[in-house]
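# Observations on the model geometry
Each chain, letter by letter, is given below.
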Amino acid sequence: MRIAIDAMGGDAGPAVAVQGSAAAIQAWPGLAIDLFGPGDQLSNELDNLPRHLAAAGSRLSIHHAPMMIHQHQRPSDALRRGGDTSMALMLAHVAGRHADAGVSAGNTGALMALARRALGTVADIPRPAICTAIPTRADERCYLLDLGANVDVTAERLVDFARMGEVMARHVDGLAAPRVALLNVGSEGTKGSETVRQADALLGALGAMNYIGFVEGDGIFAGSADVVVCDGFVGNAVLKASEGLARMLIGRVQTTFESHWGSRLVGMLARPALRRLKSELDPVRYNGASLLGLDGIVIKSHGSADAIGFSYAVSRAVQEIRRGLPARLAAELGAQCDSTQQEQW
């Protein structure tokens, strides 16, 4: 198994990507990683890997890419001038089947545009969606999509997102009949925008999916659904708000137990439970969003992720490789498209 990494996309430079890749190699026997970026910089990072990661260096290969896509760069500019960047060369590596997946912490818009051009999409999906897992009750998770790739969408695109999310939950998480819902301002059928209500009618007519209707924002974290669908504007706002809330709660709990000597004593006794809570709520644990609908596997890591967070994004790519997700999407969504066309005829 081989994964290509855009080592230059993150906010902290290549050190995070190199160390995170090394950590992922230690977690997944048989994994090899190709790093894309300026050769001298990457060689220096490999030479300076922490001692506990040094053994992974033998499975990290450097591929020279002289330029990088900047976070403020427009997708159109990346498409015109980004050919020799670490992001574009990483994607070309995946498109050429030299790697099974690609991972980048870089510019989201540029990554989506370049990946779509390099890899294409499956089953006539016009635009991929960004999808990630959200923690819910009982240490379970819910897939939320779209998270920003498609801000203004039609009802038909929301149906596409639902179909892709349902396949992911079924094959990656092993759920027999994932519960699929539309995010809305209420559970009543008369609420929401015209687009959401049209999507509700379309999804209700699909007999092959366990569609449960509308869910409100609190239902995401309550575990009311396994897949929650919305447009990219709403999804991105929900994701960023939930991450900010998780960090605020962790910080408040720590501050509370450190405020005076009595709280510190209680905090010492509760330390194992607090560590478990922090681990469960930490957004780093869920780092790694899929660009779902591409004819290949591309994972977007947070630009601000540390090495541990980046390793989770690489692990996400490993999971999708092992499940053969693009092939499953192509087979199942293509079959659904053929069935729909036959019914229309």
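What counts and how
Residues numbered from 1 in each chain as written. Predicted model: local features only at pLDDT ≥ 70, side-chain atom pairs only at ≥ 80, totals over all residues. Heavy atoms only, no water. Helix = DSSP H or I, 4+ residues; strand = E, 2+ residues; numbered from the N terminus. Buried < 20%, exposed > 50% of the residue type's maximum accessible area, 1.4 Å probe, protein only. Pairing = 2+ DSSP bridges. Right-handed = clockwise from strand over helix to strand, strands pointing away. Core = buried A, V, L, I, M, F, W, Y, C linked by side-chain atoms within 4.5 Å. Domains from an automatic or database assignment. Contact = heavy atoms within 4.5 Å. Axes fitted to C-alpha atoms, helices over the stretch in contact; angles between N-to-C directions. pLDDT = per-residue confidence, 0-100. Salt bridge = Lys/Arg side-chain N within 4 Å of Asp/Glu carboxyl O.

Bringing unusual backbone geometry into the picture now. A cis amide bond links Leu145 with the next residue in sequence, Asp146, at an omega value of 10 degrees. For Asp146, the position within the fold is in the loop between β6 (141-145) and α6 (155-172). For Asp124, which is not glycine, the phi torsion reads 60 degrees and is therefore positive. Position of Asp124 among the secondary structure elements: in the loop between α5 (108-119) and β5 (129-135). Residue Asp124 is classed as exposed on the basis of its relative accessible area, which comes to 69%.

Note that strand β2 (residues 32-37) and strand β3 (residues 60-64) share five bridges and pair parallel. Across the sheet, Asp34 pairs through a bridge with Ser61, a residue of β3. As a crossover connection, the stretch from β2 through helix α2 (residues 39-47) into β3 is right-handed.

The biggest cluster of nonpolar side chains holds 34 residues, and the ones touching the most others in it are Leu91, Val228 and Val298. In terms of domain composition, this core takes at least three residues from each of domain 1 (1-124 + 294-345) and domain 2 (129-292). With near-sequence residues (within four places) excluded, Val228 lies in contact with Cys142, Tyr143, Leu144, Leu145, Ala181, Leu183, Val215 and Ile220. In terms of nonpolar packing, the next biggest core, distinct from the first, is built from 33 residues, Ala133, Leu145, Val172 and Phe214 among them.

We now examine the side chain of Ser86. Relative to the helices and strands, Ser86 is located in helix α4 (residues 86-95). Setting aside residues no more than four positions away along its own chain, Ser86 makes contact with Asp6, Met8, Phe36, Gly37, Ala65, Met67 and Met68.

What the eleven strands build is an open sheet, ordered β3-β2-β1-β4-β11-β10-β5-β6-β9-β7-β8; its pairing is mixed. Every interior strand has two partners, whereas the edge strands, β3 and β8 (211-215), have only one. Across the sheet, the mean angle separating the axes of adjacent strands is 25 degrees when strand polarity is ignored. Across five bridges, the pairing between β5 and β6 is antiparallel. Looking across to β6, one finds that Ile134 is bridged to Cys142.

All right, on to the confidence of the model for the protein then. Predicted coordinates in areas of low pLDDT are best not read in detail. Chain-level pLDDT for the protein is 86 on average; 87% of the residues reach the 70-or-more range. Contacts from residues 337-345, a stretch scored under 50 in pLDDT, to residues over four places away or in other chains number two contacts.

Turning to the environment of Gly232, a few remarks are in order. Structurally, the position occupied by Gly232 is in helix α9 (residues 232-257). Residue classification places Gly232 among the buried residues on the basis of a relative accessible area of 1%. The spatial distance from the C-alpha of Gly232 to the C-alpha of Cys131 is 9.9 Å, given a sequence separation of 101 residues. Those residues in contact with Gly232 that sit more than four places away from it in its chain are Asp146, Leu147, Gly148, Asn150 and Val151.

Note on pairing: side chains with opposite charge can pair once their charged atoms come close. Summed over all chains, the structure comprises ten salt bridges. With a closest N to O distance of 2.5 Å, Arg141 and Asp173 form a salt bridge. In this pair, Arg141 is assigned in strand β6 and Asp173 in the loop between α6 and β7 (180-183), connecting sequence segments 32 residues apart. By relative accessible area, which is 27% here, Arg141 ends up partly exposed. Between Arg157 and Asp160 there is a salt bridge; the shortest N-O distance is 2.9 Å. One end of the pair is Arg157 and the other is Asp160, both in helix α6 and three residues apart, which spans about a single turn. For Arg157, a relative accessible area of 24% translates into the label partly exposed. Classification of Asp160 by relative accessible area gives buried; the value is 7%. One salt-bridge network, in which partners are shared between bridges, spans Arg157, Asp160 and Arg163.

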